[in-house]
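Residue-level listing of the chains:
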Amino acid sequence: MEVKIGVQHTPRELVLESAQTPAEVEQAVTEAMAKDSVLSLTDEKGRKVIIPIAKVAYVEIAESNTRPFGFTTR
């Protein structure tokens, strides 16, 4: 699953591929907001992203799109 995180005063968003479910990511964001702490997510390679929740502008949760490769017809 793809997670995009907009950070305040930063022109680019953070994009990571996560093995977590959309519900787990939503729960992590909600808990961080309730506690006014940090948002901590782990990507598919085991790398951890930690962001102060006060600096998060938005979080977009989407299913990963598999791109076709080679010659395909639609």
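Residues numbered from 1 in each chain as written. Predicted model: local features only at pLDDT ≥ 70, side-chain atom pairs only at ≥ 80, totals over all residues. Heavy atoms only, no water.

A. How the structure looks around the overall build of the protein. From N to C terminus, the protein includes one helix and five strands. When the helices and strands of the protein are read in sequence order from the N terminus, they spell out β-β-α-β-β-β. Put simply, the protein has 74 residues, and 22% of those count as buried. Sequence separation of at least 24 residues holds for 49% of the intrachain contacts in the protein that already meet a minimum separation of 6. (Helix = DSSP H or I, 4+ residues; strand = E, 2+ residues; numbered from the N terminus. Buried < 20%, exposed > 50% of the residue type's maximum accessible area, 1.4 Å probe, protein only. Contact = heavy atoms within 4.5 Å.)

B. Structural context of the sheet that holds strand β2 (residues 14-17). Strand order in the open sheet formed by three strands is β2-β1-β5, with antiparallel pairing between adjacent strands. This sheet does not close on itself; its edge strands, each paired only once, are β2 and β5 (56-62). Ignoring which end each strand starts from, the neighbouring axes of this sheet average 15 degrees apart. Inspection of the sheet shows strand β1 (residues 2-7) paired to β2 by four bridges, in the antiparallel sense. (Pairing = 2+ DSSP bridges. Axes fitted to C-alpha atoms, helices over the stretch in contact; angles between N-to-C directions.)

C. Main features of the environment of A62. Following the sequence through the fold, A62 ends up in strand β5. By relative accessible area, A62 is classed as partly exposed at 25%. In sequence terms A62 and K4 are 58 residues apart; their C-alpha atoms lie 8.3 Å from each other. Beyond its immediate stretch of four places on either side in the chain, A62 contacts M1 and E2.

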